[in-house]
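Here are the chains, one letter per residue:
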Amino acid sequence: MSAAAFNLRRYDRSSSVDRHAFAQWVVPVRGELAFELEGRGARLDLWQGAFVAPAAGHAQAALDDDRFLIVDCPAALFDDDTLQRLHRHPVLALPVQVRAMAQRVCAQPERLDADVVARELPLLLQAFSLAGSGTRLQAVCAQIERHPGQAWPVERIAAEVGVSGSRLHALFRQAFGMSPLAWLSACRLRWARGRLAEGDMPIASIAQHAGYSEQSALTRALRREWGMTPADYRRRHRQ
């Protein structure tokens, strides 16, 4: 492809593996997406998106009322170092500016033309370039995403980033619009939702492995953020 393009999409409950010669960003706007990229599974939501490198095999599944901003992008727009880093670490914490951009673009779906791309694409490229404001936090967010059930006090997260606790709070607020512990909570709930939707692990075990003190804590978190109990959520994704 010779030029970038923005598209709004909905996905079915399953898809075949796709590959293409261009790069692609996947930014959830509403709901969540079960995403598989080169054999690795991930769950994407308003806080977490993905980058699909050229020729990378990927498949996805979603419910009918979910919606996603898909940005197709020529590989030539990336420098080699950024493209390699995104290929190695494709699951991405979404900076607050990127989330706002996705909502802004989707507010006028009939106007996803070249002018919109020219105005909004630089923000997306900058956010995940090596010099992007949230780049230094992506590594620790990826660690938390892989192991949400571990103990992640602020002191540990700050040590991983190499800053003080107060500086960590400022960086998270600037990059993601939330505190480190709020990010951790969202990550744990995302992990738990994935296990509820995709497996038969008992709910109490899911809560424990996600880092909740007890099953009722998971129930409260899911009811607060998604308006349903773990059993309700599991049923909805098995229909």
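Here is what the cut-offs are and how they apply
Residues numbered from 1 in each chain as written. Predicted model: local features only at pLDDT ≥ 70, side-chain atom pairs only at ≥ 80, totals over all residues. Heavy atoms only, no water. UniProt positions renumbered as here; feature names shortened; annotations may be inferred. Helix = DSSP H or I, 4+ residues; strand = E, 2+ residues; numbered from the N terminus. Pairing = 2+ DSSP bridges. Axes fitted to C-alpha atoms, helices over the stretch in contact; angles between N-to-C directions. Contact = heavy atoms within 4.5 Å. Polar contact = N/O pair within 3.5 Å; in protein donor to acceptor, adjacent residues only side chain to side chain. Parallel < 35°, antiparallel > 145°, perpendicular 65-115°, else oblique. Nonpolar A, V, L, I, M, F, W, Y, C, P; charged D, E, K, R; others polar. Core = buried A, V, L, I, M, F, W, Y, C linked by side-chain atoms within 4.5 Å. Buried < 20%, exposed > 50% of the residue type's maximum accessible area, 1.4 Å probe, protein only. Phe/Tyr/Trp six-rings, centres within 6.5 Å; stacked < 30°, edge-to-face > 60°. Arc of directions from axis to C-beta. Left-handed = near helix turned anticlockwise from the far one by under 90°.

An unreviewed UniProt entry lists the protein under the name AraC family transcriptional regulator, from Stenotrophomonas nematodicola.

## Digging into the UniProt feature "domain: HTH araC/xylS-type" (unreviewed entry) in the protein
The positions UniProt marks with the feature "domain: HTH araC/xylS-type" (unreviewed entry) are residues 138–236. Between the end C-alpha atoms of residues 138–236 the distance is 31 Å, and the span holds 76% helix and 0% strand.

## Some words on the sheet that holds strand β2 (residues 23–30)
Here 5 strands make up an open sheet; going across it, the order is β1-β7-β2-β5-β8 and the pairing antiparallel. Two strands lie at the open edges of the sheet, namely β1 (5–9) and β8 (91–93), each paired on one side alone. Between one strand and the next, the sheet's axes are offset by a mean angle of 25°, whatever the strand orientation. Examined bridge by bridge, β2 and strand β5 (residues 48–52) share 3 bridges and lie antiparallel to one another.

## A short note on the environment of Glu32
Among the secondary structure elements, Glu32 is positioned in the loop between β2 and β3 (33–37). Distance from Glu32 to Arg190, taken between C-alpha atoms, is 9.3 Å for residues 158 residues apart in sequence. In contact with Glu32, not counting residues within four places along its chain, are Arg43, Leu44, Asp45, Ala62, Asp66, Phe68, Arg193, Trp226, Tyr233 and His237. Of note is the side chain of Glu32, whose polar atom sits 2.8 Å from the side chain of Arg193.

## Brief notes about the packing of helix α4 (residues 135–146) against helix α6 (residues 165–176)
The geometry of α4 relative to α6 is characterised by a closest axis approach of 10 Å and an angle of 100° between their N-to-C directions. The angle between α4 and α6 falls in the class roughly perpendicular. Side by side, α4 and α6 meet where Arg136, Leu137, Gln138 and Cys141 of the first sit next to Leu168, Leu171, Phe172, Ala175 and Phe176 of the second. Split by residue class, the contact of α4 with α6 holds 7 nonpolar, 1 polar and 1 charged.

## Describing the nonpolar core
Ranked by internal contacts, the top residues of the largest apolar core, which has 41 residues, are Phe6, Trp25, Phe51, Leu69 and Phe128. Ignoring anything within four residues of it in the chain, the contact list for Trp25 reads Ala50, Phe51, Leu69, Ile70, Val71, Cys73, Phe78, Leu86, Leu92, Leu124, Leu125 and Phe128. Ala93, Cys141, Val154 and Val161 belong to the second largest nonpolar core, which has 20 residues in total.

## A look at the sheet that holds strand β6 (residues 58–61)
Across the sheet, which stays open at both edges, the 3 strands sit in the order β4-β3-β6 with antiparallel pairing between neighbours. In the strand order of this sheet, the two ends are held by β4 (40–44) and β6, each with one partner. Each strand axis lies, on average, 20° off the axis of its neighbour in the sheet, ignoring direction. Judged from the 4 bridges that link them, β3 and β6 form a sheet pairing that is antiparallel. When the bridges of β6 are listed, Glu36 appears paired with Ala59. Sheet strands touched by helix α7 (residues 180–198): β3 and β4. Its angle to β4, the strand with the most contacts, is close to 115°.

## Let's talk about the packing of aromatic side chains
Throughout the structure, instances matching the rule amount to 8 aromatic pairs. On the numbers, 4.8 Å between centres and 65° between planes, the contact of Trp25 with Phe51 is edge-to-face. Here Trp25 is found in strand β2, whereas its partner Phe51 is found in strand β5, with 26 residues between them in sequence. Of the two residues examined, Trp25 and Phe51, each falls in the buried class. For the ring pair Phe172 and Phe176, a centre distance of 5.4 Å and an interplane angle of 65° mean the geometry is edge-to-face. Placement of the pair is Phe172 and Phe176 together in helix α6, with a separation of 4 residues, close to one helical turn.

## Brief notes about helix α8 (residues 203–210)
Ile203, Ile206, Ala207 and Ala210 are the residues of α8 that are buried. Take α8 and look down its axis: the buried residues cluster within an arc of 100°, on one side only. Packing partners of the buried residues in α8 comprise α7, α9 (215–226) and α10 (230–236).

## Thoughts on the packing of α7 against α8
Interaxial distance between α7 and α8 falls to 9 Å at its minimum, and their mutual angle equals 150°. Relative to α8, the element α7 lies roughly antiparallel. Regarding α7 and α8, the two cross each other, and that crossing is right-handed. Contact residues: Arg188, Trp191, Ala192, Arg195 and Leu196 in α7; Ile203, Ile206, His209 and Ala210 in α8.

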